[in-house]
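The lines below spell out each chain.
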Amino acid sequence: MQKIKKKAYKKIALALSLCAILAWTALGTSASLAWFSDASPEVKNIINFAEFDLEVSYRLEDEVTYVPIDSQTDIFDDEALYEPGYTQIVYLKVKNNGTVPFNYQTAVIINSFTSGTNVFGQRFNLQEHLKFGLVTAETDKNSTNSTLTEKEVEALVAKRELAKEVAAQPLNTYHSSISSLGVGETTYMALVVRMPEDTGNVANYRGTQPEVNLGISVTATQMQD
Amino acid sequence: MKELYNEFFYVPKHGYGKVREKVMLTRITVAIVFIIICIATMSITAYAYFSCTVSSEYNSIKSANFVADVSISIHDDSNNAVEVTKIDSITHTAKLEIDKKYKVVLMPAEENTATTGFCVVSAEKCDKKYHTQQLGVDGDEIIDTITFYLTVTNTTQVEFLAHWGTSSHYADYTNKGNKNELYITDKDEVEMTVRGENASADEPKEDKTTINSLETTENSSTDAVSSTTSTKTDSTQSEAASTDKNTESTMSTSVNSTSSVKGQDTKSTVASTENKEEAASSENTESATTTSVDNASFDTTESNESSTSSSEDTYTTASSQSAESTTIDSVNNTSSKTEDAELTDAESTEMIEQTLSN
């Protein structure tokens, strides 16, 4: 019985000795490490995810201030009625409020449309008699910059003849080329929708008013270097 | 459920049997599916986190329409009203008699939503088509009513066709002192020359047309391709609206197909192009433009001064006008006149039937 007790005491003493040695080693190492190193307490290393913040706002020709766009915003004039020669221009402002540069792309999509009946009794779709165009930095042949200022965009569509040149393609689903926008940068675009002057009575409706429901979206994605 | 579990997922405890192959495969498959789902979720989350979309989805674009009302009264002491028949939503007709002066009043209808438009005034057996002044917005003015006085050299059916947009003669009108005789402004007095039924009365007109066609043919030979192309474009637009009410459009189509009148088509197209250029230089927002479809149709008929309409229909046929305006192949055109008239009549009846069935 005494032998067993002696064995137990030996084990306990050995364990305590080992613990003391480990503690002494740790203290000595930590003390020497602290003595021979220095850290500036003011340096902060914070790891954050990249922040994407795209702001798109619009204004009509007659307006001055830009209004932010959301899913419920109607950027075209509700009271506008298209007839031969009628042109509507909407200026778009795209701003990078985030912390990383991104690539963005503008899309114009026909969500739905209502056919009409013209004065000759024939069905027609209004979008077939409309032309549109999107003025961006890429479409401006005279500009080598990746962004356009507000004055530059206005100068491109200020006159009726210039707007006609810009809005030359039929109104249909359209995707612009991918452009890049740096942190804090702003670019301006102009969306032109017009009915050509030579549109005849084939688009002069009777009865149900033809309508086109247009969707405009600007999508920003991470820039790949 | 217990059976399914035992079949595909049960792993016996140590010493109570081997793990079946089916169970192993099932567990491996489930693990792989979960891995794929996790990878997909992570990818989608990362993409969503690093992309942003701003959209405006409900932008409605609507169309306007133009309707004009017509009232006619005899301009004399009795001031009797002439019956005006409304053929459809844009066409009014009235029978006017010789040796009487009629006061015509045009105004936009109440249901009209377009800002501007005009009326085309034409008559049976009359070669000229008149365009009225703009109803509605006309430059800086707003014209609510146009009143003019109309006389005819023979009793005839006069048609008033409402058309939206801007007249192709507007450019001439805006150039002060260069007003086109076919452009009717407020308070104008217009005399429509209506051909009688005697053939002899047509001969001088044919000679006149001969001269015109030669001039246009000689001058416009170099522009034949482009002009034909442009008129074909216009005729394509006009063919899309193929009803009897669109006779002017069909006229331009058949005129294009006749080679002998290419010059006249060219002239009309060049004139319309010039009008477009002049109109484009104007600072008016909506009124200084031209309608090329109407140019192709109306100017073409205007150049065919000697063309006669032998059709018994209310509207003149294109083939008769095109055939009679030629000079080089007058005999051939006379023969083709009948054929074209037949074709056009057949086509027009088919179009009428189609529209009625629609």
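Residues numbered from 1 in each chain as written. Chains lettered and ligands numbered in written order. Predicted model: local features only at pLDDT ≥ 70, side-chain atom pairs only at ≥ 80, totals over all residues. Heavy atoms only, no water.

Participant: Looking at this structure, how should I read the overall build of chain B?
Facilitator: Scanning chain B from terminus to terminus reveals 10 helices and 13 strands. Split into buried and exposed, the 358 residues of chain B put 48% on the buried side. The long-range fraction of contacts in chain B, counting pairs at least 24 apart against all pairs at least 6 apart in sequence, stands at 70%. Put simply, chain B shows about 18,400 Å² of open surface, and 53% of that area lies on carbon and sulfur atoms. (Helix = DSSP H or I, 4+ residues; strand = E, 2+ residues; numbered from the N terminus. Buried < 20%, exposed > 50% of the residue type's maximum accessible area, 1.4 Å probe, protein only. Contact = heavy atoms within 4.5 Å. Areas by Shrake-Rupley, 256 points an atom, 1.4 Å probe, with all protein chains shown as cover.)

Participant: It is not clear to me how the sheet that holds strand β8 (residues 131–135) of chain A should be interpreted in this structure. Could you clarify?
Facilitator: Backbone hydrogen bonds are what pair the strands of a sheet, in a parallel or an antiparallel way. Residues and elements named next belong to chain A. Spatially, β2-β1-β4-β12-β8-β9 is the arrangement adopted by the 6 strands of the open sheet, whose pairing is antiparallel. Since the sheet does not close on itself, it has two edges, and those belong to β2 (67–68) and β9 (169–170), each with one partner. Judged from the 9 bridges that link them, strand β4 (residues 87–96) and strand β12 (residues 186–194) form a sheet pairing that is antiparallel. Counterpart to valine 90 in the pairing with β12 is leucine 191. (Pairing = 2+ DSSP bridges.)

Participant: Is there a simple way to explain the pairing of strand β14 (residues 211–222) of chain A in this structure?
Facilitator: The side chains of a regular strand alternate, residue by residue, between the two faces of the sheet. Sheet topology places strand β5 (residues 102–114) of chain A next to β14 of chain A; 12 bridges connect them, and they run antiparallel. Bridge pairing in β14 of chain A places tyrosine 104 of chain A opposite alanine 220 of chain A. Pairing geometry for β14 of chain A and strand β1 (residues 51–63) of chain B, over 10 bridges, is antiparallel. Residue pairing for β1 of chain B: serine 217 of chain A is matched across the bridge by serine 55 of chain B.

Participant: What is the right way to read the sheet that holds strand β13 (residues 205–206) of chain A from this model?
Facilitator: Residue and element names in this part refer to chain A. In space, the 3 strands of this open sheet follow the order β7-β6-β13, with antiparallel pairing throughout. Strand pairing shows two members of the sheet lacking a second neighbour, β7 (123–124) and β13, which therefore form its edges. In this sheet, β13 lies alongside strand β6 (residues 116–118) in antiparallel orientation, the contact comprising 2 bridges. Opposite asparagine 118, over in β13, you have tyrosine 205 as the bridge partner.

Participant: Can you walk me through the pairing of strand β10 (residues 146–152) of chain B in this structure?
Facilitator: Residues and elements named next belong to chain B. Counting buried positions along β10 yields 6 of 7 residues, so the element is predominantly enclosed. Pairing of strand β5 (residues 102–108) with β10, which is carried by 5 bridges, proceeds in the antiparallel orientation. Within β10, the residue paired with lysine 103 across the bridge is tyrosine 149. Relative to strand β13 (residues 189–192), β10 runs parallel, the two sharing 4 bridges. Looking at the pairing, valine 152 lines up with methionine 192 of β13.

Participant: What am I meant to see in the confidence of the model for chain B here?
Facilitator: Close inspection of predicted coordinates is inappropriate in any region flagged by low pLDDT. Of all residues in chain B, 51% attain a pLDDT of 70 or more, and the chain-wide mean is 63. We note a pTM of 0.60 for the whole complex and an ipTM of 0.72 for its interfaces. (pLDDT = per-residue confidence, 0-100.)

Participant: I tried to follow a negative patch on the surface on my own but got confused; where do I start?
Facilitator: There is a patch of like negative charges on the surface, built from Glu61, Asp62, Glu63, Asp77, Asp78 and Glu79 of chain A. With respect to the helices and strands, the residue glutamate 63 of chain A is situated in the loop between β1 (54–60) and β2. (Patch = residues over 30% accessible without salt bridge, like charges linked within 9 Å, V, L, I, M, F, W, Y side chains within 5 Å. Salt bridge = Lys/Arg side-chain N within 4 Å of Asp/Glu carboxyl O. Lys, Arg positive; Asp, Glu negative; His and termini not counted. Charge placed at Lys NZ, Arg CZ, Asp CG, Glu CD.)

Participant: How do you make sense of the environment of threonine 147 of chain B when you look at a structure like this?
Facilitator: Residues and elements named next belong to chain B. Looking at the secondary structure, you find threonine 147 in strand β10. Judged by its relative accessible area of 9%, threonine 147 falls in the buried class. A C-alpha to C-alpha distance of 9.5 Å links threonine 147 and glutamate 189, two positions 42 residues apart in sequence. Non-local contacts of threonine 147, meaning those with residues more than four positions away in its chain, are made with Lys103, Val104, Val105, Thr185, Asp186, Lys187 and Asp188.

Participant: What's the story with the pattern of salt bridges in this structure? I'm lost.
Facilitator: All names here are of chain A. Per the counting criterion, the structure on display carries 8 salt bridges over all chains. When the shortest N-O distance is used, the salt bridge between arginine 59 and glutamate 154 registers 2.2 Å. Of this pair, arginine 59 sits in strand β1 while glutamate 154 is found in helix α2 (residues 150–157), placing the two residues 95 residues apart along the sequence. Of the residues examined, arginine 59 reaches a relative accessible area of 4% and is grouped as buried. With a relative accessible area of 26%, glutamate 154 lands in the partly exposed category. The closest approach of N and O atoms between arginine 194 and glutamate 197, which form a salt bridge, is 3.9 Å. Under the relative-accessibility criterion, arginine 194 is labelled buried at 9%. When salt bridges with common partners are traced through the structure, they connect Arg59, Glu150 and Glu154 into a single cluster.

Participant: Help me out: how do you make sense of unusual backbone geometry in this one?
Facilitator: Excluding glycine, residues mostly have negative phi values, and the peptide bonds linking residues are mostly trans. Residue and element names in this part refer to chain B. The backbone of aspartate 99 sits at a positive phi, close to 65 degrees, despite the residue not being glycine. Note on placement: aspartate 99 falls in the loop between β4 (91–96) and β5. Accessibility expressed as a relative area gives 73% for aspartate 99, which makes it exposed. For lysine 187, which is not glycine, the phi dihedral falls at a positive 75 degrees.

Participant: Help me understand a nonpolar patch on the surface, please; the structure alone is not making it clear to me.
Facilitator: All names here are of chain B. Side chains of Met1, Leu4, Tyr5, Phe8, Phe9 and Tyr10 sit close together on the surface and give an oily, nonpolar patch of about 650 Å² of accessible area. With respect to the helices, strands and loops of the structure, phenylalanine 8 is situated in helix α1 (residues 2–8). With a relative accessible area of 30%, phenylalanine 8 lands in the partly exposed category.

Participant: Can you walk me through a positive patch on the surface in this structure?
Facilitator: Together, Lys3, Lys6, Lys7, Lys10 and Lys11 of chain A give the surface a local cluster of positive charge. For lysine 11 of chain A, the position within the fold is in helix α1 (residues 2–35).

Participant: I would appreciate a short explanation of the packing of aromatic side chains in the present structure.
Facilitator: For any pair of aromatic rings, geometry is given as the distance between the ring centres together with the angle between the planes. Following the criterion strictly, the structure yields 3 aromatic pairs over all chains and no others. Considering the side-chain rings of phenylalanine 132 of chain A and tyrosine 174 of chain A, the 5.5 Å spacing of their centres and the 75 degrees angle between planes classify their relative orientation as edge-to-face. Taken as a pair, phenylalanine 132 of chain A in strand β8 and tyrosine 174 of chain A in strand β10 (residues 174–175) lie far apart in primary sequence, 42 residues in all. Lysine 93 of chain A extends its terminal NZ or CZ atom over the ring of tyrosine 66 of chain A, reaching a point 5.4 Å from the ring centre. The side chain of lysine 101 of chain B reaches across the aromatic face of tyrosine 149 of chain B, ending 5.3 Å from its centre. (Phe/Tyr/Trp six-rings, centres within 6.5 Å; stacked < 30°, edge-to-face > 60°. Lys NZ or Arg CZ within 6 Å of the ring centre and 35° of its normal.)

Participant: I tried to follow the nonpolar core on my own but got confused; where do I start?
Facilitator: For soluble globular proteins, the rule of thumb is that nonpolar side chains tend to be buried together. Counting residues in hydrophobic clusters, the biggest one holds 79 residues, and the most contacted among them are Phe148 and Met192 of chain B. Ignoring sequence-local partners within four residues, the contact set of methionine 192 of chain B consists of Val121, Ser122, Ala123, Cys126, Tyr130, Leu150, Thr151, Val152, Thr153 and Val158 of chain B. Within the second largest apolar cluster, 13 residues are counted, among which are Ala137, Val153, Ala190 and Val192 of chain A. (Core = buried A, V, L, I, M, F, W, Y, C linked by side-chain atoms within 4.5 Å.)

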